[in-house]
Amino acid sequence: MDGYPAGSLDLNVPFLVVAGLTSQPPNDLPLDPQLQEQGILLRSKLPSLDTEDAKALRDYISTRDARDQPWNTQDQKPYRFRVGFSGRSFIFPPRRARLPDHVEPPELPPVLHSPFSPLNPVSPLYPDGLIDAQWLQKHQELVPSVYLCVYSLESDPTMATLHDKSLRTDINNIRLAAVHSGYKTRIAVLVLGDGSKMSNDPAEGMQERLDSIRRGVGLDTKSFFYIPTQDSPAELERATDSILSTLYTQSLEYYRDLGRHARKKRSRGVTPQPTVPPTTGTSQTLSLQGWNVRYDFKSAVFAEFRQEMDTALRSYDQAYDGILSQDVMDILPSWSPRWNEARLLTDVISIRAIRCALWNGQTTSAVKRWRAHRDRIADFVDRRGRGTKNYGWEAWQSRWALVMARLIEKADPSSLRPSTLTLFIPPEKIVVGEHLQPWEMLHHKGYWYRLAARHLVSRRRLAHAMPEEDRRAPGDSPASVVASRAYTYDTYLCPEPHEEYPLVGKGTDHSQLIIDCLELARSEFQSRKQLRASAEITLEWAKELARVEAWEDVVALLKPLWTDMSFRREGWLNIAEDLSWVLRAAAARIGLGDVVVSIDWELLNKQFTKRPDWEYDLSKSLEGVQTKSKPTIALTDDTVSSFVFASFIFKNEEGRAGETCRAQLTLTSHAFQFSAPVRFRQVRVDFDGSLGTIILDQETGSHPDSTYTKDDTTLSIVPLTENVRSDDDSEEVERGSVLHGPADLELKAGCTKAFEMAIPLREPGEARAASVELLVDSDAFALSYTISFGEVNTANIWFGPSLSTRRIPRPKPHAIQIQPRPPKVDITHINPLSQYYTDERIDLVLDIVNAEDADAVAKLEVHVLGDHIPAFSIELEEGEKQEADASQSESKLTNISLGTLGTSKPARARLSLEPSRMPMPYEITAKVTYHLVTDPITPIMQSKTFHIDIANPFEANYDFLPRLHPDPWPSLFDYEGARDLGDGDEAAAPAHPRCLAQKWCLVCHYASFASEDLQILELEAKVLACQPSARCISISQLDLPPDGLTIPPKSMQEVRFDMVVQKLSLDERGPASLDAAFMLKWRRRRDAQSGDGAAINTTTMPVPRSIVLGIEPRVLGSVSHGDVGTGLMQLDLTIENASGHFLTFGVTMEPSDEFAFSGAKQTTLHVLPISRRTISYRLLPLVRGCFVRPQLVVRDKYFQKVLRIIPTEDMKMDKDGLLIWVPPAPEEADGEESGRKGLDG
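Bear in mind that the values here come from a model prediction, so they are computed numbers and not experimental data. (Residues numbered from 1 in each chain as written. Predicted model: local features only at pLDDT ≥ 70, side-chain atom pairs only at ≥ 80, totals over all residues. Heavy atoms only, no water.)

Draft legend 1. Up close: the side chain of His 829. Mapped onto the elements, His 829 comes out in strand β28 (residues 825–830). The class of His 829 is buried, set by a relative accessible area of 16%. In this structure His 829 touches Tyr 836, Leu 844, Val 845, Leu 846 and Phe 946, once residues within four positions along its chain are discounted. (Helix = DSSP H or I, 4+ residues; strand = E, 2+ residues; numbered from the N terminus. Buried < 20%, exposed > 50% of the residue type's maximum accessible area, 1.4 Å probe, protein only. Contact = heavy atoms within 4.5 Å.)

So this is what it looks like as structure tokens:
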């Protein structure tokens, strides 16, 4: 901390001297040569160590030096040392200093005292000084608490005895010299191994040697240490930490003894006598109260060494109260050096007390102590000193603020670090109940640096206010003036007046001191996101840089702040003005013409303070400014305020495309009165929405008959001409036309100019005035300023022809809603159908008719919305065709040119959608965009939406019934057949394989869900797959008419298909799955009748999968009728065994009252693998025209399982069993159909 003696403010930590690790000479005492001769020398005859372990030890101990570490360090080491290194010699200061040669010795033998005591004539404190920094320096750098001697141990057995003896002798000599010095420094010894194996092995007698050396020098185990050679640096560091921790305990005991001795001397209450009585000066010795201050200060310092900050704080408080009491400082003459020494001591005591409070976390108490000391010293200076109205007092106040900043930096409280964004630390619990002011909290360092800068500014102001006679050197001034100056200015810790601000030459560089403080303060404020305070400090910093003419630094600081200045937006005009003038001066000096013009543009506004003798003329802004080229400046109202205010108003809230709307652009100048007018080269109005740009060009005296003036307001009717750019290669007219108009754009200070225009409306939608761009072009520069209009425009004044004003009561007067021009082009769907079906192509014929009064150039767009949109195409009458691919949700065709549509003439387009496989609704939008040949700028749009629902034309359900295949199964006992069946794989199978075959009947019940008659041209059961290793053949049983079968809506039809499935190989024993589809080829009946060759549509409906050719045995029942007259019939039971096992079945037929039968009433059938057998019964029915139920049971004898008999033609099944239809007698044949209802076949 600058200005205070070295060491007076350092943190006190135990002082450790390590001897023997370097070869440097003995230390030099910072004392007079006569006192240096009286120093006590501790010398060793052994050489210093230079081994690798010794170097590693020295490097590690040097890193543990705590003199530059933060006070509240987070280091977990249990010790803190100020470390000093010396060779084999060290000099202690003399404990008692002899009388100097020029002092006559008294008659009695004198009592000698320390050279740092006010009792000794050699001390600068003699005879009535309190204490100075030399005493602190003595304990910090001259007298160690522990003197650590480092030696190595000889491992050679032949040299061990001699080496140990010399080691004991050397240590004893050092201990004896330390005792004779009178200091209580602890002597410790550290022995290092020499790297040999023997030195690392305690079993070799090494421990006995060490114990012998330790006992020979009279040291205990806490003062004698041994470190063998370590394998790694980490092990050496751990061993060193253990030794330093032990020595730290001894150091604390050392300072505890010194503190106890100081308190003991204070408690005596006796004023010690000096070596010789004073004979010069005041001839007074230090009073008892002064000695108490000295003893209290010593006790506090020794408590600091022990890190007992609470004890140190109490002792500092006692010393502080004692020195400011009436018995010490009040009795000192203010003109004497002792008064300044006492004042310096109060500063030191206060700083150390504040540090103790910060150490203990008492932040608010520390700030209170800082303020209390400042106020108390101010009172002393006003009462006893030179007063507080001079530069010396402000210099001390700035230093006092810097002291607090440095203390916070050293303390480094975690809750006040920049990462926390904390501005101050809340008060501690012991002061929470007190009424505290905001400045009594501990703020971050930036607050104190800024406070120091403010006091430095006051210091400069008071220094510059000194009269010239006080600024002359003493040799150039009369003695009376020099004497008067000594009682006028406070020069405590600051230069004399002729050095502070001399008449000739450089004195104190106040600006640099202020800049340094402001730079540090700004970094702290910025790191905590205090942007306003940071900006204010930046402005103060720039002003100081401007005083020293560092113009480039000023621009570098202020230009970013000026570009994005929050003060301007928040209305702090005085700050914005101050910043702008400083930046302008710097920019003009270094040739930044764009910055100069931008600032002049802003400062023309009369809301700022008018500077006297300043010519407010924008065209002369760059006079005297040297620029490299003509500046081009682009400004906006978001960054720079302006003296020009603009508004744009539409007279009407709504308008129609193709018509015009009246609008007014108003420019108002708020420039200073009598400032030069500003002439704009061009004014540009940009719009959001469907309006193009409006450009007003400067033209003096244009249309004077349409200009009205009253007082400071002018209304001009501006005719607009439209520039349209068209592409010669297409008929598309480019939108976004530009409107031009001439106007007088010279704007005088305090005047308002309104420009009324008739704007043609083109495209529908909302249009809003977005911004106005003002262009100034002079010989020196080119400037553009953009004023943006917000969502809500507060300017709503409309000027009439007589310049009467009318308020437009709309929230958005700068916006207009443009309604579309009513389209007169019709889109008609020709011959729409009531229903569309899947699997048919859909054609929509659209007629586009132009009902406008003029020809139109049109384009067609078609959008199709829905799910799974099929591909579609558009075909025009001229033959042009465009196609769109299928899409998931949206498909469209755009830019389909319809050419020029004549009046009342149609154009036809055919929209064709590919067949859709699924029922789905679609939304088709046809949009025609056109413009009339007489008005190519205004687009007109007509659209029409068509909804089509695609439905399924048919629904069907299915029955899959078993039938008895008439062909026999192949036999494994047939040599010829078995050989054919084993001839290779499926690829080599014969065209008609002789394998297992089954016959089924697919019954399709289908209904028409169409809204009109349909013609069925073909019905087919298509086999999709029969897996694995099987094939299927479909046989249709329906003969359709040549013109197709006409099906009316909501009618049910039935068709049967015989399905024959057959294995391709007997080696495939598993069942097969049959996938089939029911296909219908159909067309609309009216399309067939129209004779236009209607397309045939194919609808495919999947049939549920069926399982065939199973390996489980099954029983099929079939019946054949014989004599119709008698009703005799034959019932056949066929048992099929498709497995590879031999099966046995029992068949039982019970008698019945409904018929008589012939056949086995009970029998057993043996069925070979892959074979079938048939058993027949002849039945004579006793009833006619009804069903009879034979009590027939087939049982698997091995599993004892009854097999279900599967009915075929003329048979059916219910829950009780099999039923057989008995035809009626010939005379009852008319009721046969009703009786046969419900049969499968």
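Continuing now.
Draft legend 2. Focus on the pattern of salt bridges. This structure, assessed with the given rule, holds 57 salt bridges. Across the pair Arg 532 and Glu 570 runs a salt bridge, and its minimum N-O distance is 3.0 Å. Separated by 38 residues along the polypeptide, Arg 532 in helix α16 (residues 531–547) and Glu 570 in helix α18 (residues 566–570) bring together distant segments of the chain. Residue Glu 746 pairs with Arg 679 through a salt bridge whose shortest N-O separation is 3.0 Å. Note that Glu 746 is positioned in strand β21 (residues 746–747) and Arg 679 in strand β14 (residues 678–679), a separation of 67 residues in sequence. What makes Arg 679 partly exposed here is its relative accessible area of 43%. In the salt-bridge network here, residues are joined through shared partners; they are Glu 253, Arg 256, Arg 306 and Glu 308. (Salt bridge = Lys/Arg side-chain N within 4 Å of Asp/Glu carboxyl O.)

Draft legend 3. Molecular detail of the sheet that holds strand β34 (residues 890–901). The 5 strands lie next to each other as β29-β37-β36-β31-β34, forming an open sheet whose pairing is mixed. Edge positions in the open sheet fall to β29 (836–837) and β34, since each of these has one partner strand only. (Pairing = 2+ DSSP bridges.)

Draft legend 4. Summary view of the packing of aromatic side chains. Throughout the structure, instances matching the rule amount to 34 aromatic pairs. Ring geometry for Trp 396 versus Trp 400: centroids 5.4 Å apart, planes at 10 degrees, classification stacked. On the criterion of helical spacing, the pair formed by Trp 396 and Trp 400 is a turn pair, its members being 4 residues apart in helix α11 (residues 391–411). Trp 400 matches Trp 396 in its accessibility class, with the two residues each being buried. Grouping aromatic residues by their ring pairs yields a cluster made of Trp 370, Trp 393, Trp 396, Trp 400, Tyr 447 and Trp 448. (Phe/Tyr/Trp six-rings, centres within 6.5 Å; stacked < 30°, edge-to-face > 60°.)

Draft legend 5. Molecular detail of the nonpolar core. Of all hydrophobic cores here, the largest spans 197 residues; its most connected members are Phe 648 and Ile 759. At 12 residues, helix α9 (residues 337–359) tops the list of elements feeding residues into this core. Of all hydrophobic cores here, the second largest spans 36 residues; its members include Ile 874, Leu 911, Val 928 and Leu 932. (Core = buried A, V, L, I, M, F, W, Y, C linked by side-chain atoms within 4.5 Å.)

Draft legend 6. Structural detail: the environment of Pro 233. Mapped onto the elements, Pro 233 comes out in helix α6 (residues 233–268). In sequence terms Pro 233 and Tyr 60 are 173 residues apart; their C-alpha atoms lie 9.3 Å from each other.

Draft legend 7. Focus on the sheet that holds strand β46 (residues 1114–1121). Taken together, the 5 strands give an open sheet; going across it, the order is β49-β51-β47-β46-β55, and neighbouring strands pair in mixed fashion. Each edge of the open sheet is held by one strand with a lone partner, namely β49 (1155–1158) and β55 (1205–1207). Averaged over all pairs of adjacent strands, the angle between strand axes in this sheet comes to 30 degrees, irrespective of strand direction. Of the pairings in the sheet, the one linking β49 to strand β51 (residues 1171–1181) comprises 4 bridges and is antiparallel in character. By the bridge assignment for β51, Ser 1158 is matched with Arg 1178. (Axes fitted to C-alpha atoms, helices over the stretch in contact; angles between N-to-C directions.)

Draft legend 8. Highlighting helix α19 (residues 573–590). In a regular helix each residue adds 1.5 Å, so 18 residues correspond to 26 Å; α19 covers 26 Å between its end C-alpha atoms and thus fits that length. Tucked into the core, α19 has its buried residues touching α16, α17 (551–563), α18 and α20 (593–603). Where α19 terminates, the next one or two residues include Gly 591, which has phi positive at roughly 80 degrees. (Expected span 1.5 Å × (residues − 1).)

Draft legend 9. Main features of the side chain of Thr 1208. Mapping Thr 1208 onto the fold places it in the loop between β55 and β56 (1211–1214). Exposure remark for Thr 1208: the relative accessible area of 1% places this residue in the buried category. Among the polar contacts made by the side chain of Thr 1208, one reaches the main-chain carbonyl oxygen of Gly 1117 at a distance of 2.6 Å. (Polar contact = N/O pair within 3.5 Å; in protein donor to acceptor, adjacent residues only side chain to side chain.)

Draft legend 10. Unusual backbone geometry, seen in detail. Omega for the peptide link from Tyr 126 to Pro 127 comes to 5 degrees, which places this bond in the cis form. Looking at where Pro 127 falls in the secondary structure, it is placed in the loop between β4 (89–92) and α3 (133–142). Cis rather than trans, the peptide bond between Gln 1027 and Pro 1028 has omega equal to -10 degrees. Relative to the assigned elements, Pro 1028 resides in the loop between β40 (1014–1027) and β41 (1030–1036). One non-glycine residue, His 868, lies in positive phi territory at about 55 degrees. With respect to the helices and strands, the residue His 868 is situated in the loop between β31 (856–865) and β32 (872–876). Positioned with a positive phi, Ser 1029 is a non-glycine residue whose angle comes to about 55 degrees. With respect to the helices and strands, Ser 1029 occurs in the loop between β40 and β41.

Draft legend 11. The packing of helix α8 (residues 309–323) against helix α10 (residues 363–384), seen in detail. Their axes nearest at 14 Å, the elements α8 and α10 cross at an angle of 10 degrees. Taken together, α8 and α10 sit at an angle that is classed as roughly parallel. Residue-level contacts link Leu 313, Asp 317, Tyr 320 and Asp 321 of α8 to Arg 369, His 373 and Arg 376 of α10. Across the contact of α8 with α10, the residue classes tally to 2 nonpolar, 1 polar and 4 charged. (Parallel < 35°, antiparallel > 145°, perpendicular 65-115°, else oblique. Nonpolar A, V, L, I, M, F, W, Y, C, P; charged D, E, K, R; others polar.)

Draft legend 12. Here's a closer look at a nonpolar patch on the surface. A cluster of nonpolar side chains, contributed by Phe 973, Phe 1142 and Leu 1168, occupies part of the molecular surface with about 330 Å² of accessible area. Owing to a relative accessible area of 33%, Leu 1168 belongs among the partly exposed residues under this scheme. (Patch = residues over 30% accessible without salt bridge, like charges linked within 9 Å, V, L, I, M, F, W, Y side chains within 5 Å. Areas by Shrake-Rupley, 256 points an atom, 1.4 Å probe, with all protein chains shown as cover.)

Draft legend 13. Region of the structure containing the packing of helix α12 (residues 445–464) against α16. With their axes 12 Å apart at the nearest point, α12 and α16 run at an angle of 30 degrees to one another. Our classification of the angle between α12 and α16 gives roughly parallel. Between α12 and α16 lies a crossing of left-handed hand. From α12, Arg 450, Val 457, Arg 460 and His 464 reach across to α16, where they touch Ala 533, Glu 536, Ile 537, Glu 540, Glu 544 and Arg 547. The class makeup of the residues in the contact of α12 with α16 is 3 nonpolar, 1 polar and 6 charged. (Left-handed = near helix turned anticlockwise from the far one by under 90°.)

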